[in-house]
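# Geometric and topological summary
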Amino acid sequence: MGAAGPVDVLIVSLGSTAGLRSADEQLQDSLQRGGASVAIARAQAPAQLPTLMLTDLGWARAARTAARAMLAELERFPPRAIVYSSTTAALLWPRPGAIRFDAPSAGNRPGRHGLWQRPLERRRLGQAPLLLPWSEGGLREAPAPAGSGGRALVLPVSVERSGPLEPVRDIAAITYAANPAKKGLDRVLAAWRRVRAERRSGPSEELVVAGASAQELLRAGVEVDGEEGVRVIGALAREEYRALVRRARVFVCAPRREDYGIAQLEALADGCLLVSTPAPGPYVALPIALELDPRLIDDDLAGALRLALDDPLDGYATRARDALAPFTGEALDRLVARELLPRLLA
């Protein structure tokens, strides 16, 4: 996105996932509602690479290219502030700026997966004038000096109900399986099969698997094509996906690590019961779900899923809506106008 005149804030958007793209668009809209002019430099997806180290390098180079091109376009009226969306986008930055992130490499790139990213990330987090973690948990995972000096402002991703709640929920359970290994789809399927066998579920009761096609799942070592009680729908437009979530009774997941959990927060907003394993990482939906019904958060995923289907607590959706009040668009707008913009543009 170009700009016709002076720009207050340039967002360097990595956009490597649907969640990151949505978060950047939300931030742009909120900044504009706060009175700031905004431009976005969008990284172009690099070729698929075999390791996380190389993948991160490809995305970091793409972000640098996008940032340089936009800064050249804005040479007459340089932006007053830059926000790099993710630590990866900031690794090879052409100019320092604020860094917004769900989780740092220090948390989600252990061992050999983050050999070059972690030390450079530590340097960038120390150089950034402002840090914008999505959550307190994300900030806690950052290297120790990152949160010092009052440079951090927790800036969550907003989550809203996507439409009227369906009076009849005709889908038993739904899960989101982009990156199926990290999302623990194998564990979700094992729990679903066990619950179906124990409850003698009929063919009409389904687990809907969204976010990846049957072919993509097969490449990840998960074969479900044609399995009774499992329907794979692949990647959908956002509106179509959320419409399905509104029809589901349960959102079930078993992430091996969760950096934020947008899909889980969206499911809670749309009236689903959240069944999950207690995954590590800055999993924002986890304490909310534990407060709503601790029975549904368990390493015994099948047992938790059976309880959700057969013995749901009354008032769960209403209490979930109240718990998500800090994540509304109005709450984000207030935070951006009152705290973020004055610090960005100081």
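Structure's up top.
Residues numbered from 1 in each chain as written. Predicted model: local features only at pLDDT ≥ 70, side-chain atom pairs only at ≥ 80, totals over all residues. Heavy atoms only, no water.

What follows concerns the nonpolar core. In terms of nonpolar packing, the biggest core is built from 91 residues, with Val250, Phe251, Val252, Leu274 and Val275 touching the most fellow members. Among the elements that make up this core, the one with the highest residue count is helix 2 (residues 52–73) (seven residues). Excluding anything up to four places from it in sequence, Leu274 contacts Phe251, Cys253, Gln264, Leu268, Tyr283, Ala285, Ala289, Leu296, Ile297 and Tyr316. Core analysis: the next-biggest nonpolar cluster, separate from the first, contains 20 residues, Leu31, Ile40, Ala98 and Leu340 among them. (Core = buried A, V, L, I, M, F, W, Y, C linked by side-chain atoms within 4.5 Å. Buried < 20%, exposed > 50% of the residue type's maximum accessible area, 1.4 Å probe, protein only. Helix = DSSP H or I, 4+ residues; strand = E, 2+ residues; numbered from the N terminus. Contact = heavy atoms within 4.5 Å.)

Time to look at the packing of helix 8 (residues 185–199) against helix 13 (residues 301–310). Between two packed helices, both the angle of their axes relative to each other and the distance between the axes serve to describe the pair. With their axes 8 Å apart at the nearest point, helix 8 and helix 13 run at an angle of 55° to one another. Comparing the axis directions of helix 8 and helix 13 gives the class oblique. Judged by the sense of rotation from one axis to the other, the crossing of helix 8 with helix 13 is right-handed. On helix 13, the residues touching Arg187, Val188, Ala191, Trp192, Arg194, Val195, Glu198 and Arg199 of helix 8 are Leu301, Ala302, Leu305, Arg306, Leu309 and Asp310. (Axes fitted to C-alpha atoms, helices over the stretch in contact; angles between N-to-C directions. Parallel < 35°, antiparallel > 145°, perpendicular 65-115°, else oblique. Left-handed = near helix turned anticlockwise from the far one by under 90°.)

This part is about the sheet that holds strand 9 (residues 248–253). Spatially, the five strands line up as an open sheet ordered 8-7-6-9-10, and their pairing is parallel. The open sheet has two edge strands with one neighbour each: strand 8 (230–234) and strand 10 (273–276). Pairwise comparison of adjacent strand axes, ignoring direction, gives a mean angle of 25° for this sheet. Examined bridge by bridge, strand 6 (residues 171–176) and strand 7 (residues 207–210) share four bridges and lie parallel to one another. The residue of strand 7 that forms the bridge with Thr175 is Val209. Helix 13 contacts strand 6, strand 9 and strand 10 of the sheet and is inclined by roughly 170° relative to strand 9. (Pairing = 2+ DSSP bridges.)

What follows covers the layout of surface pockets. As a volume, the second largest pocket reaches approximately 220 Å³. Together, 13 residues line the second largest pocket, and Trp134, Ser135, Glu136, Gly137 and Val284 are the ones closest to its centre. Here the residues of the lining of the second largest pocket are counted per class, giving eight nonpolar, three polar and two charged. (1 Å grid on protein atoms, 1.4 Å probe; cavity = no way out; pocket = protein on both sides within 12 Å on 5 of 7 lines; lining within 4 Å. Points joined across faces, edges and corners; volume = space filled by probe spheres on them. Nonpolar A, V, L, I, M, F, W, Y, C, P; charged D, E, K, R; others polar.)

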